[in-house]
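# Observations on the model geometry
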Amino acid sequence: MEDGVPIHILHVDDEESLLDITRIYLEQREQIRVTSSVSATDALKDIRTGRFDAIVSDYQMPDIDGIEFLRRIRAAGIDTPFLIFTGRGREEVVIEALNAGADFYVQKGGRPGSQFAELAHKIRRAVERRRAERSLKSSEENFRTIFETAPDLILSVDRSGTIVECNSRITDVLGYTRKEIIGKPIDAFVHTDSFPSTRETLSATLDRGSVRNLQCRMIRNGGGTRNVRINSSAIRNQDGEYYRSVCIIENVTRRKQAQKEVLAEKERLKVTLRSIGDGVIVTDTDGRIVLINRVAEELTGWSEEAASGRPLSEVFVIINEETRAPCENPVEKVLESGKIIGLANHTALIARDGTERLIADSGAPVRDGGGEIIGVVLVFRDVTEERRRDEEIRRYEREYRQLADHLPHIVYKADTDGNIIFMNQSGLAAFEVTEEAILNQPFMPNIHPDDLPAGLRVFDDLLTTGTPITNFECRFVARRGTGRVFPVITNVTAIRDSEGRITGTQGIALDISEKKKIEDTLREREEKLRFLLNQLPVTLWTTDTDLIFTSSLGAALASLSLAPNQVVGMPLQEFYRDYPGAHTALACHHQALSGDMVRFETEFADTSFSVQIAPLRDTAGTIIGTLGIASDITPLKEAEAELREAKERLQFALEGADVGVWDWNLASGSVALNRRAMEILNLVEEGTDGGTANGGYTLPSATLPPINDALQRHLEGRGAVYEQDHRISGKEGQRRWISQVGKVIATGPGGEPLRMTGIVRDVTQQRQYQEMLAEANRKLNLLAGITRHDILNQITILSAYLELLEESYGSDPGISQSLESIRHASKTIQAQISFTRDYGNIGVEVPEWQPVQTLIHRAAVQAELSGIALEIGTGDLRIFADPLLEKVFFSLIDNAIRHGSRVTRIRVSFRQDGDTGLLTFEDDGEGVPASIKEKIFRRGFGKNTGYGLFLAQEILHLNDCVIREAGVEGAGARFEIVVPKGRYCTSTECT
């Protein structure tokens, strides 16, 4: 080209032979350097890495055609000239290419020489035009920069004297904005005393071409004037005619003022030197001091009077702080070089008193109006503290760098091929690699395989469009793809060279493993909350401030035939439109929006609900809606109804049973009683009114009787219930029997009793009946005893006569047999008399806690074991029973001795079987045949009297116990006594 700058183009065509011939023609004949590419995809990569003056492309190519290729280049912001070089000659292709931004369209075909000459010609035209456009743009930008940054005010005025443009200095010089001055005549801003000459001179500019050094005054916004000097030049149009003038207006107000101040400034200079914050020493050309300011006096220890006229080296003593060697005289260096010089580092000043200070200084020549050196000025300052601060700053910088290297962020750079060219220490630690192992290596192996396609896609997009990637989430893999996996969020931007071309990428990634864990935890908690809500018989909902549903959850939705979140988006008023309690529900929601929490009960769809409405707030505490929760209390309501009915039935039963009820609060000491209890205890008269609205009474603790032993044992946990009968005196002095039964029903954390309830009955009449019955029994027992005694006496007499008869007639077989029958009948009568005595004693005595082991021992002594071993494994067992319990144990031991045949061991044991106790008697004899197991407890069955086991069963039955035989024939008999709960205990538990 004419300017000598070579042209380098990119030629794209899927025909390699055409690429070769085009390159040969253009390089050899036209001196145009060519880079060839066989596809648009490869060409896009070449454009990112190379610099081309023009791009020549075929239209029809297999992967991306020429028009699409052009669109992608322009979308990436690349304005390189683009030429379509193709055999397709359709008009619509030409139009499409030019509309897409092509510079020229060249059709293949014809003579090669002419074809390539035309191509070269249009390449040069396109390149020259683009270079000219860029040059023009650059010139315009340079002009605009100069125009806006010029130190003087610049105005552009047309032939009519109207201002058409101005720079930003208008505000500084005259105080106007551009809007206030553009479009107005320049005369409006010229002072009247300067108006005629100024107008004529500026008008002459368009005739003469320029005006220089026009002095005038211009009016400032808000009042006042400015002295200015105007230089004006005319601008020609395309026809060569002057049509506009550019005025450079210099504000000389300050210059004139400066001239007035020059003399005063000279005087002030001396004062300034003395008052300046640094030390100042001025010497003549002989190096003698002519001036020293106050700071220099303090630093050197010399006053101005003492220092004046002395050689500088005598007052200004400087050494190297490290070597302690004297430093070169700065005045001599300045006089020798004629230049400004600075002291070397580590310079120390030794004051007159020996004080040493680190200083920094400079020396400069002092020249007269003719430029001759007439002295030297030294300016220096104490940098001791500054040096200390610098050291402190350097220390902070080192600590900051160490801290930065440990920040939990991965910072990296990569070239356009995706190879890593930089990574910080945090990144190396996160990827668990060294710099040597990762630099110049592809970045892609550090991305999880599942995230790699997305990573490549955004990387290619970034290189193509240059658009930054923000908040891209993916997973990195340590150790070049073989180590731990960790999630990150990364931002990546393009790196560009000075000409705006993309040369690589840079990114910063933050490890969000903890964030992911928190999100997973929150998700898990939300799922748990949703699960709980779906299990509990409640429904929970939220609304916005317009009372429109935003959520609805909970298992109770099913009772309303609703699915979770089915009503989201529905106004609350529409949901309640057919509901009788709609007004109350809406009012409560509105009250919640005002900040109140509201509770109420309601019926909805044949279901009872307890509802609570509360304000829903954001993290700042602002109300953003309402939160409601409704619990299905239908079962509770039904239970309350059943409880009321049960209470009524209980009250009816208590009244019918003539029973008083009391409830003792041990914490407060007071006792609540119903009216019947008050009447039984003689606290109110029968038939009188009184008590609370529900007929109850409360007695304070001060009026209660003292706690007796039986009650104390129960309160201490030594009895399942409290039972006691006692006598009280009536209002008229009569004695009455009272029976009380109570139980502790509430205890504290340490087991201490808190509440006890019980019943009280008037058993006076029952006691009277019992006493009468006991008296009748006593008389009957007395009569039966006398009768048994008389009958047994007669049997004794009968037995004596039988013995006499046997002695006299026993040798006669017939008589002997008759006597044996009489003897058997006598023994039967005697056994029956004994049975009536034992059976008559059943239930006569009051039950009490019987020590089982002691009773077994006593029964064994009566039974005369005669060599049979007895094993007792009952421990401290006690059974609440009739005193005849010992008779039961005797019958079982006696039965084993009499019917076991070969018994050598009897074993007694006890164990709990659920709530009941099981007392077992077993032996190692022949056992009981299965055919008679049910018969052995019948009266009269057996080889002896037939009353033993029958009597044992009757005694146990009277005490709510059951006996059964559970042995195996041939392996021994096994009798099991089932004792109900509350009838057995150990000695430490019994009361």
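Residues numbered from 1 in each chain as written. Predicted model: local features only at pLDDT ≥ 70, side-chain atom pairs only at ≥ 80, totals over all residues. Heavy atoms only, no water.

Looking at an unreviewed UniProt entry, the protein carries the name histidine kinase, with the source organism given as Methanoculleus frigidifontis. On record in UniProt, under Catalytic activity (unreviewed entry), the comment for the protein is "ATP + protein L-histidine = ADP + protein N-phospho-L-histidine." (UniProt positions renumbered as here; feature names shortened; annotations may be inferred.)

### Quick notes on the overall build of the protein
Assigned secondary structure in the protein consists of 29 helices and 41 strands. Within the protein, buried positions represent 36% of all 991 residues. Within the protein, contacts between residues separated by at least 24 positions form 52% of all contacts whose residues are at least 6 apart in sequence. Of the roughly 57000 Å² of accessible surface on the protein, 51% is carried by carbon and sulfur atoms. (Helix = DSSP H or I, 4+ residues; strand = E, 2+ residues; numbered from the N terminus. Buried < 20%, exposed > 50% of the residue type's maximum accessible area, 1.4 Å probe, protein only. Contact = heavy atoms within 4.5 Å. Areas by Shrake-Rupley, 256 points an atom, 1.4 Å probe, with all protein chains shown as cover.)

### Topic: the nonpolar core
Val888, Phe889, Ile893, Leu919, Phe921, Phe975 and Ile977 are the most contacted members of the largest nonpolar core, which totals 39 residues. Only helix H27 (852-863), strand S36 (878-881), helix H28 (885-899), strand S37 (905-913), strand S38 (916-923), helix H29 (948-958) and strand S40 (974-979) provide two or more residues apiece to this core. Per element, the largest residue contribution to this core is 7 residues, and it comes from H28. Each residue touching isoleucine 977, except ones within four places of it in the same chain, is listed here: Val888, Phe889, Leu892, Gly917, Leu918, Leu919, Phe921, Leu956, Cys961, Val962 and Ile963. Core analysis: the next-biggest nonpolar cluster, separate from the first, contains 26 residues, Ile420, Met444, Ala478 and Ala509 among them. (Core = buried A, V, L, I, M, F, W, Y, C linked by side-chain atoms within 4.5 Å.)

### Brief notes about unusual backbone geometry
With phi around 70°, arginine 324 is a residue other than glycine that occupies positive phi space. Within the fold, arginine 324 resides in the loop between strand S13 (317-320) and helix H13 (330-337). We note that arginine 479 has phi near 55°; this positive angle belongs to a residue other than glycine. With respect to the helices and strands, arginine 479 occurs in helix H18 (residues 478-481).

### With respect to the pairing of strand S25 (residues 598-604)
Burial along S25 is one-sided: Val598, Phe600, Thr602 and Phe604 are buried, and none of Arg599, Glu601 and Glu603, which face the opposite way, are. Bridge analysis of S25 against strand S26 (residues 607-617) gives 7 bridges, and the strand direction is antiparallel. Each bridged residue has a counterpart across the sheet, and for threonine 602 the counterpart in S26 is phenylalanine 609. (Pairing = 2+ DSSP bridges.)

### Remarks on a nonpolar patch on the surface
Where nonpolar side chains cluster on the molecular surface, the patch consists of Leu805, Tyr809 and Ile815 and spans about 250 Å² of accessible area. Checked against the element boundaries, isoleucine 815 lands in helix H26 (residues 813-841). (Patch = residues over 30% accessible without salt bridge, like charges linked within 9 Å, V, L, I, M, F, W, Y side chains within 5 Å. Salt bridge = Lys/Arg side-chain N within 4 Å of Asp/Glu carboxyl O.)

### What about the sheet that holds strand S3 (residues 54-57)?
Taken in spatial order, the 5 strands of this open sheet run S2-S1-S3-S4-S5, and their pairing is parallel. At either margin of the open sheet sits one strand with a lone partner, and together these are strand S2 (32-37) and strand S5 (104-107). Strand-to-strand twist in this sheet, taken as the mean axis angle between neighbours without regard to direction, amounts to 25°. Sheet analysis places strand S1 (residues 7-12) next to S3, joined by 4 bridges and oriented parallel. When the sheet's bridge partners are listed, isoleucine 9 is paired in S3 with alanine 54. Helix H2 (residues 40-49) rests against S1, S2 and S3 of the sheet, and its axis sits at about 155° to S1. Seen against the sheet, helix H3 (residues 66-75) touches S1, S3 and strand S4 (82-86) and runs at an angle of roughly 170° to S4. (Axes fitted to C-alpha atoms, helices over the stretch in contact; angles between N-to-C directions.)

### Some details on the environment of glycine 466
Note on placement: glycine 466 falls in the loop between helix H17 (452-465) and strand S20 (469-477). Assessed through its relative accessible area of 14%, glycine 466 is described here as buried. Distance in space between the C-alpha atoms of glycine 466 and arginine 501 is 9.3 Å, their sequence separation being 35 residues. With residues up to four places along the chain from it excluded, the contact list for glycine 466 reads Asp461, Ala494, Arg496 and Ile502.

### Quick notes on H17
Across its 14 residues, H17 extends 20 Å between first and last C-alpha, which sits within 8% of the 20 Å expected from 1.5 Å per residue. All buried positions along H17 are accounted for by Gly455, Phe459, Leu462 and Leu463. Along H17, the residues classed as buried sweep out an arc of 95° about the axis, all on the same side. Where H17 is buried, its residues contact H2, strand S18 (409-415), S20, strand S21 (485-496) and strand S22 (502-511). The first or second residue beyond H17 is glycine 466, which carries a positive phi of 80°. (Expected span 1.5 Å × (residues − 1). Arc of directions from axis to C-beta.)

### Quick notes on the pattern of salt bridges
Across all of its chains, the model carries 46 salt bridges by this definition. Put simply, arginine 388 and glutamate 385 hold a salt bridge, and the shortest N to O gap is 2.4 Å. Residue arginine 388 and its partner glutamate 385 are located together in helix H14 (residues 384-405), separated by 3 residues, close to a single helical turn. Owing to a relative accessible area of 39%, glutamate 385 belongs among the partly exposed residues under this scheme. The closest approach of N and O atoms between aspartate 894 and arginine 898, which form a salt bridge, is 2.8 Å. Of this pair, aspartate 894 and arginine 898 both sit in helix H28, 4 residues apart, which is roughly one turn of that helix. Residue class for aspartate 894 comes out buried when judged on its relative accessible area of 17%. Here the residues in one salt-bridge network are Glu871, Arg905, Arg907, Glu922, Arg964, Arg974 and Glu976, joined through shared partners.

### Some remarks on the sheet that holds S18
Spatially, S19-S18-S22-S21-S20 is the arrangement adopted by the 5 strands of the open sheet, whose pairing is antiparallel. Edge strands, defined here as strands with exactly one partner in the open sheet, are strand S19 (420-423) and S20. For this sheet the average axis-to-axis angle between neighbouring strands, irrespective of direction, equals 30°. Relative to S21, S20 runs antiparallel, the two sharing 7 bridges. Across the sheet, glutamate 473 pairs through a bridge with isoleucine 489, a residue of S21.

### Concerning the side chain of threonine 416
If you trace the backbone, threonine 416 turns up in the loop between S18 and S19. The exposure class of threonine 416 is buried, given its relative accessible area of 15%. Residues within four places of threonine 416 in sequence aside, it is in contact with Thr49, Phe459, Leu463, Ile502, Thr503 and Gly504.

### A word on the packing of helix H1 (residues 16-29) against helix H5 (residues 112-149)
Between H1 and H5, the least distance of the axes is 10 Å, while the angle of their chain directions is 65°. By the angle between their directions, the pair H1 and H5 is classed as roughly perpendicular. Along this stretch, H1 crosses H5, giving a crossing that reads as right-handed. Contacts between H1 and H5 involve Ile21, Thr22, Tyr25, Leu26 and Arg29 on the former and, on the latter, Pro112, Gly113, Phe116, Leu119, Ala120 and Ile123. The residue makeup of the contact of H1 with H5, split by class, is 8 nonpolar, 2 polar and 1 charged. (Parallel < 35°, antiparallel > 145°, perpendicular 65-115°, else oblique. Left-handed = near helix turned anticlockwise from the far one by under 90°. Nonpolar A, V, L, I, M, F, W, Y, C, P; charged D, E, K, R; others polar.)

### Remarks on the environment of valine 282
The residue valine 282 is located in strand S11 (residues 279-283) in this model. Residue valine 282 is classed as buried on the basis of its relative accessible area, which comes to 15%. When the C-alpha atoms of valine 282 and valine 379 are compared, they prove to be 8.8 Å apart, with 97 residues separating the residues in sequence. With near-sequence residues (within four places) excluded, valine 282 lies in contact with Arg288, Ile289, Val290, Leu291, Val376 and Val377.

### Considering a negative patch on the surface
A contiguous patch of negative charge, built from Asp14, Glu15, Glu16, Asp20, Asp42 and Asp63, is present on the exposed surface. For aspartate 14, the position within the fold is in the loop between S1 and H1. (Lys, Arg positive; Asp, Glu negative; His and termini not counted. Charge placed at Lys NZ, Arg CZ, Asp CG, Glu CD.)

### A few points about the packing of aromatic side chains
Following the criterion strictly, the structure yields 18 aromatic pairs and no others. Aromatic pair tyrosine 412 and phenylalanine 443: ring centres 4.7 Å apart, planes at 20°, arrangement stacked. Residue tyrosine 412 is located in strand S18, and its partner phenylalanine 443 is located in the loop between helix H16 (435-438) and H17; the two are separated by 31 residues in the primary sequence. Both residues of the pair, tyrosine 412 and phenylalanine 443, count as buried. Through a chain of ring-to-ring contacts, the aromatic side chains of Tyr412, Phe431, Phe443, Phe476 and Phe486 assemble into a single cluster. The lysine or arginine in question, arginine 352, covers the ring of tryptophan 302, its NZ or CZ lying 3.9 Å from the ring centre. (Phe/Tyr/Trp six-rings, centres within 6.5 Å; stacked < 30°, edge-to-face > 60°. Lys NZ or Arg CZ within 6 Å of the ring centre and 35° of its normal.)

### Examining the packing of H3 against helix H4 (residues 91-99)
Relative to each other, H3 and H4 sit at 10°, their axes nearing to 10 Å. Considering the angle they form, H3 stands roughly parallel to H4. Counted together, Ile67, Leu70 and Arg71 of H3 and Val93, Glu96 and Ala97 of H4 form the full contact between these two elements.

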